[in-house]
Amino acid sequence: MSARKKKITKAERLKQLQEEEERRQKEEEEARVKHEKEEMERVERQRIEREKWHQLEAKDLERRNEELEELYLLEECFPEAEKLKRDARLLSQWNHYIQCDGSPDPSVSPEINTFISLWKEETNETLEEVIAKSKLVLNLIEKLRLLLLQTPSYDLEDKTIIQYRGSILELQELLHLKFNVATERLLRQASTLADLDSGNMEKVIQDENVALYVWANLKKNPRYRSVRFSETQIRFEIPRILATSGIAIRLLHTHYDHATPLRPVSASLQGHTATVTHFVKDEVQKGEAEISKELQEEYKQQECESVSVCEEETKVEEQGDIEVQMILKEGLQKYAYPPESTEDFETENAFPPIEVTLEVQENVIFFEDPMVARWDAEGKHWQTDGISNVLYQSEERLITFSLETFGPVTLIQDTHINMPFQSWELRPLDVNKVLLTVTTVFTEIQIQIKENLCMLASVKVGNKKHSSTLEGRWMTPISFILALKETGLNIFPTGHSHFYVVINHKEPLVEIKAYRQLALLSSAFAFGWSKWNVECSSKKVIVKLREHLTEEEPVQDPNWTLLMFSGDRAQRLKINENSETFSEALKEETEFHSTLYHLVKDFASKEAMEKIRSSKCQFIDSVCYMLLSTRLLSYS
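None of the values given here were measured: they were computed from a predicted structure.

Calculation notes
Residues numbered from 1 in each chain as written. Predicted model: local features only at pLDDT ≥ 70, side-chain atom pairs only at ≥ 80, totals over all residues. Heavy atoms only, no water. Helix = DSSP H or I, 4+ residues; strand = E, 2+ residues; numbered from the N terminus. Buried < 20%, exposed > 50% of the residue type's maximum accessible area, 1.4 Å probe, protein only. Areas by Shrake-Rupley, 256 points an atom, 1.4 Å probe, with all protein chains shown as cover. Pairing = 2+ DSSP bridges. Axes fitted to C-alpha atoms, helices over the stretch in contact; angles between N-to-C directions. Parallel < 35°, antiparallel > 145°, perpendicular 65-115°, else oblique. Left-handed = near helix turned anticlockwise from the far one by under 90°. Contact = heavy atoms within 4.5 Å. Nonpolar A, V, L, I, M, F, W, Y, C, P; charged D, E, K, R; others polar. Core = buried A, V, L, I, M, F, W, Y, C linked by side-chain atoms within 4.5 Å. pLDDT = per-residue confidence, 0-100. Phe/Tyr/Trp six-rings, centres within 6.5 Å; stacked < 30°, edge-to-face > 60°. Lys NZ or Arg CZ within 6 Å of the ring centre and 35° of its normal. Salt bridge = Lys/Arg side-chain N within 4 Å of Asp/Glu carboxyl O.

Description of the overall build of the protein chain
Move 1: The helix and strand inventory of the protein chain stands at eleven helices and 26 strands.
Move 2: For the protein chain, the proportion of its 636 residues judged to be buried stands at 50%.
Move 3: For the protein chain, the accessible area works out to roughly 32,300 Å², and carbon and sulfur atoms hold 49% of it.

In structure tokens, the structure reads:
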């Protein structure tokens, strides 16, 4: 018989419950005491941190005036650089004066007016002579444009601006007129230059600035409807009505634009960064096609129709003016296609679209298939209607499209296609020499800066090196920016770019102060993009920094320090680039400073500080100008 289980008595049950209650109360008391102790410790830590924070703030405030005075002395390099640039402009004028080479000084009104008047009187020039003269004319236009962009506003009177702009327009119009007159002169001799096989005339003239192609329809053979210039891929498929008419086709490839009106120079960041749009123009005139290109000021149109193209949104890369003309007794005349009235023609489709194939310049980069737009002379803007069957062959660099009517046409791409940037880095190469690398979705651009010059070091498109004619050419910052944008490498925001790009907005004053101080330190420290710059407020910027004294290749995983700057306070951050969460906590054993210069001075080597103090003012100014022009802190 099995033993029966012992039954717990009521008293024992009561005692057990009492023991459990006492144990629970004891655990609660221990937890309460522990929590109170931890809370007291936390409060004490916060008190100590606040006290330490206040001490650091008081210390920072105590030495603020001294640090700002030292920074002021260091930043004397910027007005000194402006003085050197002004001296260089005056020296350039003097050198031109003593050269006595016969060319006018475009900044002197009597000289440029005399040049224009004398050239107008020359009426029997050949195309070869006009092309030769165009080198000088384009150089004069470029000098005037750079004077408008490089001369500070306080050195430019309103009447001087009007004078320069008027001279530019007059030179452009006169050059275009000279090409028309010389083309007419050539076509009046077309029969003596006719090809023995086709019976039509073809003429090709090229130099480093201009390529000219002229074709005259002498035979008027209705079966000869495909026009292709020898040894090129440029061709036109003309309809029967043109094949049986006395028309000609001209393709003029130049480096200026005579379609878009000259507009006021705009600027970003309080006028420090000149903003320009560039054009490559193709014009087909007299059944002619002329390709041309120019640097023009970027502007934002107040109203854009549904088919019009706002220039702030698009970058004009290849431009052309396509029109048909005939020689009458009165001279070179436009041939309206289609005519205003088509009642006299038998078929409804007597004026079909004209198929055009043009070569895209090797030095222009399109990151996506370009759009084709035409110029509206009345509305003074580009628009995309009247163009169809666009085919871009990127490998062959050919663009084919159909036009309903003749007029200026252009290839365009989004101005902001490379914005916002994915990352950036500014790295010293030597004293007074740095390398700026900007990485976008499509490309990686490396720019060297030394003293008062910039150079394109390399371009990668889709991880492949892209050869550019700009590589190895040292230019002043403004000239460099114009040249880079001209080739489609636009990494320079304008005052309106934030309307078209999602940016990491930073207060302009904070941004400007940061760029000036980064430029001061750039001889000895490498700076780079930090992911935490997006997390902090618009009144603060965050960059990563490390001392860099030699020209070795960049380290794969360097030991970066994170700096936060608000314009009047700089500090090292406790977090690093790999931290999981963002915090503005101050790094242990560090202090606040009023400037980035004094912050890095706490941990920089003696050699680094020597390199900073020995940097030339022109170099610092050029680095600052490029940082302001790219606005890396807001557009990355």
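Read on for the rest.
Regarding the pairing of strand β17 (residues 407–414)
Move 1: The buried count for β17 comes to seven of eight residues, which makes it a mostly enclosed element.
Move 2: Relative to β17, strand β13 (residues 371–376) runs antiparallel, the two being bridged by four bridges. Residue pairing in the sheet places M371 in a bridge with I412 of β17.

Considerations on the packing of helix α8 (residues 508–521) against helix α11 (residues 617–630)
Move 1: Orientation of α8 relative to α11, taken along the N-to-C sense of each, is 140°, at an axis distance of 8 Å. Regarding the angle of α8 to α11, the classification is oblique. α8 and α11 meet at a crossing whose hand is right-handed. Taking contact as the criterion, the partners of I512, Y515, R516, L518, A519 and L520 in α8 are, on α11, I620, V623, C624, L627 and L628.
Move 2: Broken down by class, the residue content of the contact of α8 with α11 amounts to ten nonpolar, no polar and one charged.

Digging into the nonpolar core
Move 1: Counting residues in hydrophobic clusters, the biggest one holds 71 residues, and the most contacted among them are I447 and F525.
Move 2: Per-element accounting of this core gives the leading share, nine residues, to α11.
Move 3: Setting aside residues up to four positions removed in sequence, F525 forms contacts with L426, P428, L545, R546, E547, H548, V600, F603, A604, A608 and I612.
Move 4: Counting residues in each nonpolar core, the second largest holds 33 residues, with L251, I354, L358 and F401 among its members.

So, the confidence of the model for the protein chain
Move 1: When pLDDT is averaged along the protein chain, the result is 81; 84% of the residues meet or exceed 70.
Move 2: A low-confidence stretch, residues 265–309 (pLDDT under 50), is modelled with 244 contacts involving residues beyond four sequence positions or located in other chains.

With respect to the packing of aromatic side chains
Move 1: The final tally for this structure, using the stated rule, is seven aromatic pairs.
Move 2: Measuring from centroid to centroid gives 6.3 Å for F115 and W119, while their planes differ by 35°, and the two rings are tilted. Residue F115 and its partner W119 are located together in helix α3 (residues 109–121), separated by four residues, close to a single helical turn.
Move 3: Seen from the ring of F592, R569 lies directly overhead, with NZ or CZ sitting 4.4 Å from the centre.

Re the pattern of salt bridges
Move 1: Under the definition given, this model contains 29 salt bridges.
Move 2: The shortest N-O distance in the salt bridge between R24 and E21 comes to 2.3 Å. A residue pair is termed a helical-turn pair when its members lie 3 or 4 positions apart in one helix, as R24 and E21 do in helix α1 (residues 10–74) at three residues.
Move 3: Classification of E21 by relative accessible area gives partly exposed; the value is 32%.
Move 4: A salt bridge links R397 to E362; the shortest N-O distance between them is 3.9 Å. Here E362 lies in the loop between β12 (354–359) and β13 and R397 lies in the loop between β15 (387–393) and β16 (398–403), a separation of 35 residues in the sequence.
Move 5: Using a relative accessible area of 13% as the deciding quantity, one classes R397 as buried.
Move 6: Among the charged side chains, a network of salt bridges with common partners joins E21, R24 and E28.

Topic: the sheet that holds strand β18 (residues 423–430)
What links the strands of a sheet is backbone hydrogen bonding, and the strands pair in either a parallel or an antiparallel sense.
Move 1: On the basis of which strands lie adjacent, the open sheet formed by nine strands has the order β22-β21-β20-β19-β18-β23-β24-β25-β26 and antiparallel pairing. Only two strands of the sheet have a single neighbouring strand rather than two, namely β22 (464–466) and β26 (570–572). The mean angle between the axes of side-by-side strands here comes to 25°, regardless of whether they run parallel or antiparallel.
Move 2: Sheet strands in contact with helix α7 (residues 477–486) are β20 (443–450) and β21 (453–461), and its direction is about 25° off that of β21.

Some words on the pairing of strand β25 (residues 561–565)
Consecutive side chains along a regular strand alternate between the two faces of the sheet.
Move 1: Burial runs high along β25: five of the five residues are buried.
Move 2: Here β25 shows two buried faces, one formed by T561, L563 and F565 and the other by L562 and M564.
Move 3: Two strands pair when backbone bridges link them, and strand β24 (residues 541–547) and β25 are joined in this way by five bridges, in the antiparallel orientation. Paired with I542 across the two strands is M564, which belongs to β25.
Move 4: Linking β25 to β26, which pair antiparallel, is a turn of four residues; within it G567 sits at a positive phi near 100°.

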